[in-house]
Amino acid sequence: MYGDSSNAYTFGQARGSLPPVKFEIVLVVERSQSACRDFAEIAENVKGHLGTPRTIILRNSDMVWRTSSGIRSLEGIEAALYLEAVQSAVDYTELMDDELDVKTGDRIFDSANVHQKVVILHRCLSALLEPEVEAPELTSVLEAGAYFPFAYLQMRVEEEIAEEDEWSGEEEDLKYAYRRLLWKAFEGFVRPRWESAIEEYGAREEEADFSDRSTNLDLWEEIIDELADRIFWDRDWQVSSIAPQLLDGIEPEFSQITGLDEDYVTNRLPSVTKEEAAIALIEIRNWKISSQK
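Parameters at a glance
Residues numbered from 1 in each chain as written. Predicted model: local features only at pLDDT ≥ 70, side-chain atom pairs only at ≥ 80, totals over all residues. Heavy atoms only, no water. Helix = DSSP H or I, 4+ residues; strand = E, 2+ residues; numbered from the N terminus. Buried < 20%, exposed > 50% of the residue type's maximum accessible area, 1.4 Å probe, protein only. Areas by Shrake-Rupley, 256 points an atom, 1.4 Å probe, with all protein chains shown as cover. Salt bridge = Lys/Arg side-chain N within 4 Å of Asp/Glu carboxyl O. Expected span 1.5 Å × (residues − 1). Polar contact = N/O pair within 3.5 Å; in protein donor to acceptor, adjacent residues only side chain to side chain. Core = buried A, V, L, I, M, F, W, Y, C linked by side-chain atoms within 4.5 Å. Axes fitted to C-alpha atoms, helices over the stretch in contact; angles between N-to-C directions. Parallel < 35°, antiparallel > 145°, perpendicular 65-115°, else oblique. Left-handed = near helix turned anticlockwise from the far one by under 90°. Contact = heavy atoms within 4.5 Å. Nonpolar A, V, L, I, M, F, W, Y, C, P; charged D, E, K, R; others polar. Patch = residues over 30% accessible without salt bridge, like charges linked within 9 Å, V, L, I, M, F, W, Y side chains within 5 Å. Lys, Arg positive; Asp, Glu negative; His and termini not counted. Charge placed at Lys NZ, Arg CZ, Asp CG, Glu CD. Phe/Tyr/Trp six-rings, centres within 6.5 Å; stacked < 30°, edge-to-face > 60°. Lys NZ or Arg CZ within 6 Å of the ring centre and 35° of its normal.

J.: Which residues make up the overall build of the protein chain, and what values go with them?
T.: A tally of regular secondary structure across the protein chain gives 11 helices and two strands. The N-to-C order of helical and strand elements in the protein chain reads α-β-β-α-α-α-α-α-α-α-α-α-α. Buried residues in the protein chain amount to 51% of all 293 residues. Summed over its atoms, the accessible surface of the protein chain is roughly 14700 Å², and 45% of this surface lies on carbon and sulfur atoms.

Here is the structure:
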């Protein structure tokens with residue numbers, strides 16, 4: 001299904017130092033054993049929409065992910081960045097609801113309601129952070145959900161740079177919050193690529209004085225894209241925006257040429273209840289990476 005990413009579309013304060021997002025918990029579901037049993041029954045209703053996980057919400061539905069660098073789960077600073085991005089993103093998603101301005105490029109995921117988005121994000125978080133269960137079969141909706149935190153970070157960094165002058169000198173932690181959130185992952189995974197490129201192509205002037213206070217939005221977007229590329233082969237899920245007619249069916253010839261088939265390009269979203277979304281939301285907000293458990 002996947003090819004070289006360069007040819008993807010030739011065919012057509014609780015969260016560290018991040019600014020707080022205000023939210024209100026509409027429904028609280030206690031994680032008792034009986035609640036888990038009840039949810040297991042709810043989960044049966046959504047099987048088949050995004051693959052066939054053993055369960056949809058419960059923490060024991062953990063799995064790995066089919067990434068561009070092999071089947072793996074995220075670890076260390078990469079896992080920490082992804083978790084914090086998801087946690088911040090779900091708070092923002094709940095706050096904005098129908099006015100959400102973060103887009104992945106997949107028409108179906110982007111049209112999902114807040115409850116559906118939270119459940120999909122929970123499943124992606126499970127798949128990317130926990131190694132115990134086999135990787136899910138990828139669909140356009142599932143990949144778009146996994147990409148959503150990166151789209152959210154791009155929006156936040158752009159907003160942070162545009163509003164930089166509005167913060168006082170005493171609010172530095174908030175002023176550079178999202179750029180500093182990205183910094184460790186940048187130094188661990190992106191800067192080494194920059195340094196290697198210098199030997200072959202020479203230094204880029206804009207990289208010389210780059211720091212976690214940089215206002216160079218193009219470089220920040222490049223960094224976020226490179227971090228996303230560690231997970232995604234390409235941006236195939238965006239085909240639903242480029243060629244929405246594919247949601248109505250894909251001809252075998254097109255599938256043979258592009259590697260995209262009807263199992264991947266889906267127009268289906270999970271049927272989600274408020275109770276199911278509430279459990280997912282609570283688990284995301286209280287999630288810790290394995291080394292912190």
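Next comes the rest of the account.
J.: I'd like a rundown of the pattern of salt bridges, residues and numbers included.
T.: Scanning all chains against the criterion turns up 18 salt bridges. Arg156 is paired through a salt bridge with Glu159; the nearest N and O atoms lie 2.6 Å apart. Pair noted here: Arg156 and Glu159 are both in helix 5 (residues 140–162), with a separation of three residues, about one helical turn. With a closest N to O distance of 2.8 Å, Glu160 and Arg179 form a salt bridge. Of the two residues, Glu160 sits in helix 5 while Arg179 sits in helix 7 (residues 177–201), which places them 19 residues apart along the sequence. Neither Glu160 nor Arg179 differs from the other in exposure class; each is buried. One salt-bridge network, in which partners are shared between bridges, spans Glu172, Asp173, Arg180, Asp212 and Arg213.

J.: Can you lay out helix 4 (residues 114–129) for me, pointing to particular residues and giving the numbers?
T.: Helix length check: helix 4 (16 residues) gives 22 Å between terminal C-alpha atoms against 22 Å at 1.5 Å per residue, within 8%. The buried count for helix 4 comes to 15 of 16 residues, which makes it a mostly enclosed element. For helix 4, the N-terminal capping position is held by Asn113, with its side-chain oxygen 3.0 Å away from the main-chain nitrogen of His115.

J.: Quick rundown of the nonpolar core? Include the residues and the values.
T.: Trp65, Tyr82 and Phe150 are the most contacted members of the largest nonpolar core, which has 75 residues in total. Elements represented by at least two residues in this core include exactly helix 2 (76–96), helix 3 (107–111), helix 4, helix 5, helix 7, helix 8 (217–229) and helix 11 (274–285). Top contributing element to this core by residue count: helix 5, with 13 residues.

J.: With reference to specific residues and values, describe the packing of helix 5 against helix 8.
T.: Where helix 5 contacts helix 8, the two axes come as close as 10 Å, and the packing angle between them is 165 degrees. Here helix 5 lies roughly antiparallel to helix 8, going by the angle between them. Read as a crossing pair, helix 5 and helix 8 show a hand that is right-handed. In contact with Tyr147, Phe150, Leu153, Gln154, Val157, Glu158 and Ile161 of helix 5, helix 8 contributes Leu217, Trp220, Glu221, Ile224, Asp225, Leu227 and Ala228. Taken together, the residues that form the contact of helix 5 with helix 8 break down as 10 nonpolar, one polar and three charged.

J.: Report on helix 2, specifying residues and quantitative values.
T.: Relative to the 30 Å expected for 21 residues at 1.5 Å per residue, helix 2 spans 30 Å between its end C-alpha atoms, a close match to the ideal helical length. Along helix 2, 15 of the 21 residues are buried, which leaves the element largely enclosed by surrounding structure.

J.: Explain the packing of helix 4 against helix 5 to me, using residue names and the numbers behind them.
T.: Helix-helix packing is characterised by the crossing angle of the two axes and by the distance between the axes. Two elements in contact, helix 4 and helix 5, have axes separated by 9 Å at closest approach and are oriented at 80 degrees. When the axes of helix 4 and helix 5 are compared, the pair comes out roughly perpendicular. Along the contact surface, helix 4 presents Ile120, Leu121, Arg123, Cys124 and Leu128, while helix 5 presents Val141, Leu142, Gly145, Ala146, Phe148 and Pro149. Residues that form the contact of helix 4 with helix 5 fall into these classes: nine nonpolar, one polar and one charged.

J.: Summarise a negative patch on the surface; cite the residues concerned and give the values.
T.: Taken together, the side chains of Glu251, Glu253, Glu262 and Asp263 make up a negatively charged region of the molecular surface. Relative to the elements of secondary structure, Asp263 occurs in the loop between helix 10 (252–258) and helix 11.

J.: With reference to specific residues and values, describe unusual backbone geometry.
T.: A positive phi angle, near 50 degrees, is found at Asp97, a position not held by glycine. Given the relative accessible area of 39%, Asp97 is considered partly exposed.

J.: Can you break down the packing of aromatic side chains residue by residue, with the values?
T.: Taken as a whole and judged by the stated rule, the model has 16 aromatic pairs. Ring centres of Trp183 and Trp220 lie 6.3 Å apart, and the angle between their planes is 55 degrees; on these two criteria the pair is classed as tilted. Of this pair, Trp183 sits in helix 7 while Trp220 sits in helix 8; the two residues are 37 residues apart in sequence, bridging distant segments of the chain. Taken as a pair, Trp183 and Trp220 share a single burial class, namely buried. Among the aromatic residues, those joined into a cluster by ring pairs are Tyr82, Tyr147, Phe150, Phe232 and Trp237. We note Lys117 situated over the ring of Phe109; from NZ or CZ to the ring centre the distance is 5.5 Å. Its guanidinium or amino end placed over the ring of Trp194, Arg204 lies 5.7 Å from that ring's centre, counting from NZ or CZ.

No statement about biological role is implied by the geometric values presented.
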